[in-house]
Amino acid sequence: MVNLIDGKATAATIKAEIKAEVEAIVASGGKRPHLAAILVGHDGGSETYVKNKVLACEACGFESTLLRFEDDITEQKLLDEVEKLNANPSVDGFIVQLPLPKHIDEQKVIEAIDPRKDVDGFHPVNVGRMAIGLPAFISATPKGILELLRRYNIPTSGKKCVILGRSNIVGKPMSQLMMQKNGGDATVTVCHSHSPQLKDECREADIIIAAIGRPAFVTADMVKPGAVIIDVGTTRVPDPTRKSGYRLSGDVDFENVAPLCSAITPVPGGVGPMTICMLMQNTLQAARQS
Ligand code: GUN
């Protein structure tokens, strides 16, 4: 019987846990955690993500600040705004929503963020610390996936895990965390667009984590019976039957793959809700440390 991994319900449980901890902090005279977000321009996906982050702050009892700028903001002005948040003692952590307009160097902006406030875990100091197993802010999507696997008691130690995709935000940190002794403790293979044996690797995997952004890429013939499938894909595909005009499509052909698996995350309602929830956990961690 396939076990549907309910990220939405798990995220709701974790947000309630965070809220209880926040209220205890406030009751004992502490300050509410405060997350700030910088949003540049009007990208539909980014608008939705940031709106959901602000709503999650409310659910967790956090203070939140949204700073909006038009997409003609100069790189220097954005760097100045980052500097102001670095220096603002009321703000425990902040994020700069990506992607940024082409004329702005994203890496430069990420590296301008104080690593102690980098709750996205994108700064090289946090990426490096995470990679060698030191305490760090861990980027929210891979952290949320580990948390889902733990809360569903899915064994990972010694398992063969195939990760599809090598992005800085998901594939790379996921591979580090899944291989670490205090993380997944798994044998990890990372496949990408130039991996000729990708399908064969998948067929041998106990766990597949798909993060390549190609709708229904993982098909039933690539999945070993009993495998665990984690779908990170959130591609918007046009759908005239929806009010929004689109629907979210995962990287997995869910309908045909699900019957084969021991556990699988749906899209939406799987990894997505966990990602924002882990950003809240990181913000709480920042507040505790400041
Ligand atoms: N764009 C897509 N995902 C993310 C994320 O996790 N953080 C930020 N800052 N931007 C994103």
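Up top is the structure these notes are about.
Just so it is clear, the structure is predicted and the values come from calculations on it, not from any experiment. Counting from 1, residues in each chain are numbered in the order their sequence is written. Side-chain atom pairs in this predicted model are given and counted only at pLDDT of 80 or more, local residue features only at pLDDT of at least 70, and totals for whole chains, interfaces and linings cover all residues. Side-chain metrics rest on all non-hydrogen atoms present in the structure, leaving aside hydrogens and water.

Enquirer: Give a description of the pairing of strand β3 (residues 63-69) that names residues and reports values.
Expert: A pair of strands is treated as paired once DSSP finds two or more bridges between them. Here a helix means four or more residues in a row that DSSP labels H or I, a strand means two or more in a row labelled E, and each is numbered from the N terminus. Sheet analysis places strand β2 (residues 34-40) next to β3, joined by 7 bridges and oriented parallel. Paired with A37 across the bridge in β3 is L66. With the strands pointing away from the viewer, any crossover whose connection runs clockwise from the first strand over the helix to the second is right-handed. Where the polypeptide runs from β2 across helix α2 (residues 44-60) and back to β3, its parallel neighbour, the crossover connection is right-handed.

Enquirer: Describe in detail unusual backbone geometry, supporting the description with residues and values.
Expert: Omega for the peptide link from L98 to P99 comes to 5°, which places this bond in the cis form. Following the sequence through the fold, P99 ends up in the loop between β4 (93-96) and α4 (106-112). At D185, a position not held by glycine, the phi torsion is positive, near 60°. Along the chain, D185 turns up in the loop between α7 (171-179) and β6 (187-191).

Enquirer: How would you explain the sheet that holds strand β1 (residues 3-4) if you had to name every residue and give the values?
Expert: Where strands meet in a sheet, backbone hydrogen bonds hold them as pairs that are either parallel or antiparallel. Taken in spatial order, the 6 strands of this open sheet run β1-β11-β8-β7-β5-β6, and their pairing is parallel. Among the strands making up the open sheet, the edge pair consists of β1 and β6. Bridge analysis of strand β8 (residues 228-231) against strand β11 (residues 263-264) gives 2 bridges, and the strand direction is parallel. Following the sheet pairing, I229 is matched in β11 by I264.

Enquirer: Before we move on, can you summarise the nonpolar core with the specific residues and values?
Expert: Most often, soluble globular proteins keep nonpolar side chains buried together rather than apart. Note on terminology: a nonpolar core comprises buried Ala, Val, Leu, Ile, Met, Phe, Trp, Tyr and Cys residues joined through side-chain atoms within 4.5 Å. We call a residue buried when its accessible area falls under 20% of the maximum for its residue type, exposed when it is over 50%, and partly exposed in between, using a 1.4 Å probe and counting protein chains only. M178, I209, I230 and M280 are the most contacted members of the largest nonpolar core, which totals 47 residues. Looking at which element gives the most residues to this core, the answer is helix α10 (residues 271-289), with 9 residues. If sequence neighbours within four positions are ignored, M280 has contacts with I18, L35, K53, A56, C57, C60 and F62. One finds I73, L78, V82 and I110 within the second-largest nonpolar core, a separate group that totals 19 residues. The contact criterion used throughout is that any non-hydrogen atoms of two residues lie within 4.5 Å.

Enquirer: Tell me what's going on with the site of the ligand, and back it up with residues and numbers.
Expert: What surrounds the ligand is the set K53, V96, Q97, L98, D120 and F122. L98 has a polar backbone atom sitting 2.9 Å from a nitrogen atom of the ligand. Note that Gly is not counted as nonpolar here; it falls among the polar residues with everything else outside the nonpolar set of Ala, Val, Leu, Ile, Met, Phe, Trp, Tyr, Cys and Pro and the charged set of Asp, Glu, Lys and Arg. Taken together, the residues of the shell around the ligand break down into 3 nonpolar, 1 polar and 2 charged. We call a residue near a molecule or strand when any one of its heavy atoms sits within 4 Å of it. Think of a polar contact as two N or O atoms within 3.5 Å of one another; within protein, one of them needs to be a possible hydrogen donor and the other a possible acceptor, and neighboring residues in sequence only count if both atoms come from side chains.

Enquirer: Please set out the side chain of N126 residue by residue, giving values where relevant.
Expert: Topologically, N126 is positioned in helix α5 (residues 124-131). Beyond its immediate sequence surroundings of up to four residues, N126 is in contact with P115, D118, G121, A136 and F137.

Enquirer: Give a detailed account of the environment of V96, specifying residues and quantitative values.
Expert: Position of V96 among the secondary structure elements: in strand β4. Its relative accessible area of 5% is what places V96 among the buried residues. In the structure, V96 is positioned 48 residues away from G144 in sequence and 19 Å away in space, judged by C-alpha atoms. Sequence-distant contacts of V96, that is, excluding residues within four places in its chain, are made with I38, V82, V109, I113 and D120.

Enquirer: How would you sum up the environment of K15? Please name residues and give values.
Expert: Mapped onto the fold, K15 is located in helix α1 (residues 7-27). When its relative accessible area of 23% is taken as the criterion, K15 is described as partly exposed. On a C-alpha basis, the gap between K15 and L39 in space is 23 Å, while along the polypeptide they are 24 residues apart. Those residues within four positions of K15 in sequence are excluded, and the remaining contacts are A56, A59, C60 and C277.

Enquirer: Outline the sheet that holds β3, supporting the account with residue identities and numerical values.
Expert: Read across the open sheet, the 3 strands follow the order β3-β2-β4; overall the sheet is parallel. Both edges of this open sheet fall to β3 and β4, since each of them pairs with a single strand only. The average angle at which neighbouring strand axes cross in this sheet is 15°, direction not considered. The pairing of β2 with β4 spans 4 bridges and is classified as parallel. Bridging from a neighbouring strand, L35 pairs with G93 of β4. Orientation is described by lines fitted to C-alpha atoms, with helices fitted over the stretch in contact, and by angles between N-to-C directions that extend from 0 to 180 degrees.

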